[in-house]
Amino acid sequence: MAVQDDKREIQMVDRFNLEVPGDRKRSDIDAYLVIDGKKVPFELKSTTGKGISTVRDLGPGHFAKWVNIHWLFGVYDTKGEKLLHAYYASPDAMVEWISSKSEYVRPDLSLIEHATSGINEAAVIELLGEKKFYTRQEAKWIMKSQWTAERYAAEMDVSGSDGAGYSLIRMVDIMRARCRYVMARGATLNNPHIPMSYVEKLPKISSEPAATLRELVRTYFSSTSITDEATA
């Protein structure tokens, strides 16, 4: 995260009285709003221009993460120092934009699945030879640093007097997983922007930011509760 973006995020957390997870990583939740016994996850974004930047390599992992995420878009002055106002988006409000990006990459994901299904036992034997089992070193040659040491150990399905390792069938799965990972990196969008024309249709927060945000979140949960009861 850029230093300027980091400063804005800290300011938004303070202004809206949010909580940041102590063990947060870049791929984790930005912040939580604690309200009425709930910890509501939030994605925090800011802008000084015409659109909201999102993430590099936007793909299926992000779509899954954002299913129940609430959003807060901070609009700053041209210097990026003063928060002018903000917009709140419930998970439902972001469905249209997220779905459009998900649909855009769907053909690539379909290609990946068809391509990986072509990896079979013959492909493993061609690469590594035919053996009773395959070693961790051979598995790591394929998966590289994508897996942790614990994952490599957990994936072993052969053990005996000759040693422990991976069966031919398991190595097929490993090669497919690596292929899927490599190809998926090309089936992503590079930092697609959310246009301000989309954001400006959302509820605007101009004063009493912490109180107003809580009112909007309560209204959202109240409306979803009513909808659930009506469809039960």
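Keep in mind the model is a prediction, meaning the values are calculated, not measured.

Attention now moves to the environment of Lys-39. Relative to the helices and strands, Lys-39 is located in strand E2 (residues 38-47). By relative accessible area, Lys-39 is classed as exposed at 56%. A C-alpha to C-alpha distance of 35 Å links Lys-39 and Asp-108, two positions 69 residues apart in sequence. Non-local contacts of Lys-39, meaning those with residues more than four positions away in its chain, are made with Tyr-32, Leu-33 and Val-34.

This part is about the sheet that holds strand E5 (residues 83-89). If you walk across this open sheet you meet the five strands as E1-E2-E4-E5-E9, and the pairing is mixed. Two strands bound the open sheet, and with one partner strand each, they are strand E1 (31-35) and strand E9 (204-205). Two elements, E2 and strand E4 (residues 70-76), share six bridges in a ladder whose sense is parallel. When the bridges of E4 are listed, Glu-43 appears paired with Trp-71.

Before going further, it helps to examine the packing of helix H4 (residues 121-128) against helix H7 (residues 168-184). Close contact between H4 and H7 brings their axes to 9 Å; oriented N to C, the two are set at 90°. Here H7 runs roughly perpendicular to H4, going by the angle between their axes. Of H7, the residues touching H4 (which contributes Glu-121, Ala-123, Val-124, Ile-125, Leu-127 and Leu-128) are Leu-168, Ile-169, Met-171, Val-172 and Met-175. By residue class, the composition of the contact of H4 with H7 is 10 nonpolar, no polar and one charged.

Turning our eyes to something else, we now look at the side chain of Arg-214. Counting through the fold element by element, Arg-214 comes out in helix H9 (residues 209-231). One buried charged residue, Arg-214, remains without a salt bridge, the closest side chain of opposite sign being Glu-19 at 7.5 Å. Within the structure, Arg-214 has its side chain in polar contact with the backbone oxygen of Ala-210 (distance 3.0 Å). When residues no more than four places from it in sequence are discounted, the contact partners of Arg-214 are Phe-16, Asn-17, Leu-33 and Ile-35.

All right, on to the environment of Tyr-104 then. Within the secondary structure, Tyr-104 sits in helix H3 (residues 95-116). For Tyr-104, a relative accessible area of 59% corresponds to the exposed category. For Tyr-104 and Val-75, which are 29 residues apart along the polypeptide, the C-alpha to C-alpha distance reads 27 Å.

Definitions and cut-offs
Residues numbered from 1 in each chain as written. Predicted model: local features only at pLDDT ≥ 70, side-chain atom pairs only at ≥ 80, totals over all residues. Heavy atoms only, no water. Helix = DSSP H or I, 4+ residues; strand = E, 2+ residues; numbered from the N terminus. Buried < 20%, exposed > 50% of the residue type's maximum accessible area, 1.4 Å probe, protein only. Contact = heavy atoms within 4.5 Å. Pairing = 2+ DSSP bridges. Axes fitted to C-alpha atoms, helices over the stretch in contact; angles between N-to-C directions. Parallel < 35°, antiparallel > 145°, perpendicular 65-115°, else oblique. Nonpolar A, V, L, I, M, F, W, Y, C, P; charged D, E, K, R; others polar. Lys, Arg positive; Asp, Glu negative; His and termini not counted. Salt bridge = Lys/Arg side-chain N within 4 Å of Asp/Glu carboxyl O. Polar contact = N/O pair within 3.5 Å; in protein donor to acceptor, adjacent residues only side chain to side chain.

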